Amino acid sequence: MKHIARFLKGHWLWIFVVVLLLIGQTFCDLGLPTYTGNILNVGIQQKGIPDGVMETVSQDSLTVLELFMTDEEAALAEDSYAPADESGIRALKDGVDHEALNEALMTAESVLYVMKNYTGSEDASAMADLSGIQGMDNAAMMPENMPDPEALLQGLSDGTVPREQITAVTAPIAEQFRSMEDTYKKQLAVMYVGQEYEAQGLDLSKIQRSYLWSVGFKMLALSVLMMVFSILISLIAARVSSKVGRDLRAEAFRKVTSFSNAEMVKFSTASLITRCTNDITQIQVLIVMFLRMVLYSPILAFGGIVMVLRTTTGMGWIIIVAVALLLTCVGILGAIVIPKFKIMQTLIDRVNLVSREMLSGIMPIRAFSREEHEEARFDKANHDLYATQLFTNRVMTIMSPFMMLIMNGVSVLIVWVAAHRVDQGVMQVGEMTAFLTYSMVIVMSFLMLAMIAIVLPRAVVSAGRVAEVLDSDISINDPSSPKDAQMEQVEGVLTFHDVSFHYPDAEEDTVSHISFTARPGTTTAIIGSTGCGKSTVLNLIPRFYDVTDGSITLDGTDIRELSLGKLRSELGYVPQKGFLFSGTIESNLKYGGEEISDEDMKQAASIAQATDFIDDKEKGYEDEIAQGGTNVSGGQKQRLSIARALAKKPKIMLFDDSFSALDYKTDVALRRQLKEELGNTTVIIVAQRISTILHADQIVVMDEGRMTGIGTHDQLLQSCSTYREIAESQLSEEELKGGAVHG
């Protein structure tokens, strides 16, 4: 996760905003079950009356209620209502402590409701049926010889019954009711309030509708607000994810373009493509899930737990069991699946590698009729990836029904336990509904975390692979204090000082003890048998590799003391295998820089003997070049590569066996043009054919990585046996006797 956190650096403000929005969304999400429970409990069962606090009460009713209150409760009730109006009705004051007043009124209201509805009933069961309250079928809970409240009020009003005598009767009754379950008392109090409202002539249906509309609008407002929060979170998550992906791709591309050949070999092209595409996509997916789910799940779970604890239903143990089962399931499945994700990314690399090789080598594959072999090789790589993905998908598929089984099992358990508690009268249906909803919220939160626990490892693996590219040490770097300023006017004198080189991890030198100087206006050729190190020597000049021992200097300055940009700006490099970029002929020839003019481009094309076939094109220099130059011949591709290097007018031209695809006539014409046009340029040619380098000012002969001779063609024929063997294998006897082929 440290890599994910690193990639998110710079986006912490947006993450903070997301957290605030998630808290707001959680508030809305957790508020809805409460309102749903209120609709069931208050809106339907209690006809819109939330508790025992009456908005209006008659003076007589309040006086009777106070008979069953303590002195403190009676004082609170008196202070909470305004003086009676002409009709004897007292209205509730603003700013009253609602909870305290409800607590003060609830017991007295319960007593009075029972007294009014129990008087004349045969037993407590009849009263329970009358009230519709579940769980109140035990006659022992009902006081015997219940007094008539109207008689109490009349006796108190006319003074025929002393207050002390009335209190002596009401106090034991009130005390007995105080020991009842609050659930019972609340329902009795609500029913008393309903009867009081009816006595005042209020429309209970209107009160119920008003309450339902009020709660409904609040739920709608919360839903709309939750939708807005969700949309904003999704937009921010998508924006952050896209920006991280964009920045990672850009950073990875910049890093890869600075890699030397050693780093390219270490990672392989196929793996780098996977890391810059598939792996970064995995990181983006994780970031979206992180902002939408990983952050949301704990906030939602915590909020759900708080709300469950507030319900005081005594069923919290069900949540503990459910979460324990979920975590156990995730732990077992995660231990099975997680190791497969790293293997999966490696297998994707393999599929990309095989695909790339097949597409690049389609011609030799067809030439050798190896289609079936390559298909079998691809099928193996593809099947290995398929088998791993199938395994992980099956495990995750198994996880889903397990999770749903746990969720549904929890729902059934909650309903079963809650049903008994509702039947006992200690819980209302709305409370059960709210608890069930909050429980599902908590379980869903852990379920989301469980899903993340399965997806996260793959993204973490991908993040590690991308970080490995970004954190790789580059073997060839610019010096800390480049001497570019001293090289404003480059002459082009290139000198090898006892240069040796071996590839990373190789035990022996590939080339050793190479020493020669190439000067402006001269051509230096390097020739030798295949694999003797000719191209390696040439690749040391642009610092595709750095020398192991010795040094290479440009005008007396070690090339390692120059910035790579400065050094390579003075070089024109033509690789052994010509490569063109998709675009036009013009865009390819001007690839060396924007400063290249049309005149420079056409002159370079003329020197490279490319003008004839370019002019034959329908659009000339605007003619399209396919990716890799597949729509031009090998000779045309090589001539365009030479023209591209010449167009930047470098001080040093490097040809890595760049004339091999040219016919003899074109080769001769091109070399003649080069000699005429590049009078002040240092030219270094790696060649296989002696005919290409006969007129070179000096020829470096190599054999098994070492110099075996240096000089002109005629000198080497006399002094270097290696060169003479090459010459005898390529030239006729007459040409050897004549000393040269002058063409």
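Each value, and the rule that gives it
- Residue numbering note: each chain is counted from 1, following its sequence as written.
- At least 70 in pLDDT is required for a residue's local features to be given in this predicted model, at least 80 for side-chain atom pairs to be given and counted, and no such filter applies to totals for whole chains, interfaces and linings, which use all residues.
- Computation of side-chain values covers all heavy atoms of the structure but excludes hydrogens and water.
- Numbering of helices and strands runs from the N terminus; a helix is a DSSP stretch of H or I covering at least four residues, while a strand is a stretch of E covering at least two.
- Throughout, exposure labels follow a simple rule: accessible area from a 1.4 Å probe, protein chains only, divided by the maximum for the residue type, with under 20% read as buried, over 50% as exposed, and the rest as partly exposed.
- Contact between two residues is taken to exist if any of their heavy atoms lie within 4.5 Å; hydrogens are not considered.
- Computed with a 1.4 Å probe, the accessible areas rest on the Shrake-Rupley method; for each residue, only the protein chains presented here act as cover.
- Working definition of a nonpolar core: buried Ala, Val, Leu, Ile, Met, Phe, Trp, Tyr and Cys residues. They are joined through side-chain atoms within 4.5 Å.
- The criterion for strand pairing is that DSSP finds at least two bridges linking the strands in question.
- Here, a salt bridge means any side-chain nitrogen of Lys or Arg that lies within 4 Å of a carboxyl oxygen of Asp or Glu.
- Each axis is a line fitted through C-alpha atoms, and for a helix only the stretch in contact is used; angles between axes span 0 to 180 degrees, taken between their N-to-C directions.
- In this scheme, roughly parallel covers angles under 35 degrees and roughly antiparallel covers those over 145, while 65 to 115 is roughly perpendicular and the rest are oblique.
- Throughout, a crossing is termed right-handed when the near helix is turned clockwise from the far one, and left-handed when it is turned anticlockwise from it by less than a right angle.
- Lys, Arg, Asp and Glu make up the charged group, whereas Ala, Val, Leu, Ile, Met, Phe, Trp, Tyr, Cys and Pro make up the nonpolar group; the residues left over, Gly among them, are polar.
- For patch detection, residues must exceed 30% relative accessible area and be free of salt bridges, and they are connected within 9 Å for like charges or within 5 Å for nonpolar side chains (Val, Leu, Ile, Met, Phe, Trp, Tyr).
- Method remark: on a 1 Å grid restricted to protein atoms, a set of points is classed as a cavity if a 1.4 Å probe fits but cannot get out and as a pocket if it is open with protein on both sides within 12 Å along at least five of seven lines; lining residues have an atom within 4 Å of a point.
- Grid points are joined across faces, edges and corners, and a volume is the space filled by probe spheres set on the points.
- Between the rings of Phe, Tyr and Trp (Trp by its six-membered ring), a pair exists once the centres lie within 6.5 Å; its type follows the angle of the planes, with under 30 degrees stacked, over 60 edge-to-face, and the other angles tilted.
- Here the expected span of a helix is defined as 1.5 Å times the quantity of residues minus one.
- Take the seven residues that end at a residue and the seven that start at it, fit an axis to each, and the angle between those axes is the bend at that residue.

A. Local environment of the overall build of the protein chain. Regarding its fold elements, the protein chain presents 28 helices and 14 strands. In the protein chain, which comprises 743 residues, the share counted as buried stands at 48%. Relative to all contacts within the protein chain whose residues are 6 or more apart in sequence, the contacts with residues 24 or more apart total 78%. Approximately 36600 Å² of the protein chain is accessible, and the part contributed by carbon and sulfur atoms is 55%.

B. Representation of the nonpolar core in the model. In this structure, Phe7, Leu8, Leu248, Ile283, Leu291 and Met315 are the most contacted members of the largest nonpolar core, which totals 83 residues. Of all the elements in the fold, those that place two or more residues in this core are helix H1 (2–7), helix H2 (12–45), helix H10 (204–257), helix H12 (269–294), helix H13 (296–311), helix H14 (316–360), helix H16 (371–423) and helix H17 (429–470). In terms of residues, this core owes the most to one element, H17, which gives 16 residues. The next biggest cluster of nonpolar side chains, apart from the first, holds 47 residues, and it includes Ala605, Ile614, Leu640 and Val683.

C. Looking closely at the pairing of strand E5 (residues 523–528). Burial analysis of E5 places five of its six residues in the buried class, which makes it a mostly covered element. Relative to strand E12 (residues 682–687), E5 runs parallel, the two sharing five bridges. Across the sheet, the residue bridging to isoleucine 527 is alanine 687, located in E12.

D. Main features of the pattern of salt bridges. Taken as a whole and judged by the stated rule, the model has 17 salt bridges. The residue glutamate 561 makes a salt bridge to lysine 483 at a minimum N-O spacing of 3.0 Å. Residue glutamate 561 is located in the loop between strand E7 (557–558) and helix H19 (564–569), and its partner lysine 483 is located in the loop between H17 and strand E3 (494–501); the two are separated by 78 residues in the primary sequence. Several salt bridges converge on common partners, so that one network encompasses Glu586, Lys590 and Asp598.

E. Focus on the sheet that holds E12. Overall, mixed pairing links the six strands, which are arranged E8-E11-E12-E5-E13-E14 in an open sheet. Edge positions in the sheet fall to strand E8 (571–574) and strand E14 (706–711), since each of these pairs with one other strand and no more. Mean inter-strand twist for the sheet, computed between neighbouring axes without regard to direction, equals 15°. Sheet strands touched by helix H23 (residues 634–647): E8 and strand E11 (652–656). Its angle to E8, the strand with the most contacts, is close to 175°.

F. How the structure looks around the pairing of E14. Note: strand E13 (residues 698–703) against E14, five bridges, orientation antiparallel. What sits directly across from aspartate 703, in E14, is arginine 706. Between E13 and E14, which pair antiparallel one after the other, the connecting turn spans two residues, and glutamate 704 there sits at a positive phi close to 55°.

G. Structural detail: the packing of H14 against H16. Viewed as axis vectors pointing N to C, H14 and H16 meet at an angle of 165°, and their least axial separation amounts to 9 Å. The orientation of H14 with respect to H16, classified from their angle, is roughly antiparallel. As for how H14 packs across H16, the hand of that crossing is left-handed. Taken together, the residues of the contact of H14 with H16 sort by class into 30 nonpolar, five polar and six charged.

H. The arrangement of the side chain of serine 641 in detail. Its place among the elements puts serine 641 in helix H23. For serine 641, a relative accessible area of 1% translates into the label buried. Not counting chain neighbours up to four residues away, the residues in contact with serine 641 comprise Val574, Gly578, Phe579 and Leu580.

I. Up close: unusual backbone geometry. Residues other than glycine seldom take positive phi values, yet arginine 543 does so here, at roughly 60°. Looking at the secondary structure, you find arginine 543 in the loop between helix H18 (534–540) and strand E6 (549–554). According to the relative accessible area criterion, arginine 543 is buried, its value standing at 3%.

J. Main features of a nonpolar patch on the surface. On the surface, a nonpolar cluster with roughly 900 Å² of combined accessible area is contributed by Trp213, Phe217, Leu220, Val224, Met227, Val228, Ile231, Leu232 and Leu235. Relative to the assigned elements, methionine 227 resides in helix H10.

K. Up close: the environment of isoleucine 726. On the secondary structure map, isoleucine 726 appears in helix H27 (residues 721–730). Of the residues examined, isoleucine 726 reaches a relative accessible area of 14% and is grouped as buried. In sequence terms isoleucine 726 and glycine 528 are 198 residues apart; their C-alpha atoms lie 7.7 Å from each other. Not counting residues up to four positions away in its chain, the partners in contact with isoleucine 726 are Ile527, Gly528, Ser529 and Ile690.

L. Examining the layout of surface pockets more closely. For the largest pocket, the calculated volume is near 2300 Å³. As for the largest pocket, its lining consists of 47 residues, of which Tyr573, Pro575, Lys577, Phe579 and Phe581 are closest to the centre. Of the residues forming the lining of the largest pocket, the biggest block, four residues, is contributed by H19. Looking at the lining of the largest pocket, its residues break down into 22 nonpolar, 17 polar and eight charged.

M. Seen up close, the packing of H2 against H10. Contact geometry of H2 with H10 gives a least axis separation of 8 Å together with a crossing angle of 160°. Taken as axis vectors, H2 and H10 run roughly antiparallel relative to one another. As H2 packs across H10, the resulting crossing turns out to be left-handed. Each residue belonging to the contact of H2 with H10 can be placed in one class, and the counts come to 24 nonpolar, nine polar and three charged.

N. Fine view of the environment of aspartate 657. Mapped onto the fold, aspartate 657 is located in the loop between E11 and helix H24 (664–677). Aspartate 657 sits in the buried class, given a relative accessible area of 11%.

O. Quick look at the packing of aromatic side chains. This structure, assessed with the given rule, holds ten aromatic pairs. Measuring from centroid to centroid gives 4.6 Å for phenylalanine 496 and phenylalanine 516, while their planes differ by 15°, and the two rings are stacked. Within this pair, whereas phenylalanine 496 is found in strand E3, its partner phenylalanine 516 is found in strand E4 (residues 511–518), the two being separated by 20 residues in sequence. With respect to burial, phenylalanine 496 and phenylalanine 516 carry one shared label: buried. Judged by centre distance (5.2 Å) and plane angle (80°), the ring pair of phenylalanine 579 and phenylalanine 581 falls under edge-to-face. By relative accessible area, which is 42% here, phenylalanine 579 ends up partly exposed. Through successive ring pairs, a cluster of aromatic residues spans Phe501, Tyr503 and Tyr545.

P. Here's a closer look at H2. Taking 1.5 Å as the rise per residue, H2 with 34 residues should run 50 Å; its terminal C-alpha atoms sit 48 Å apart, in good agreement. Along H2, the sharpest kink reaches roughly 30°, centred on asparagine 38. In the segment just after H2, lysine 47 is the residue with positive phi, at about 55°.

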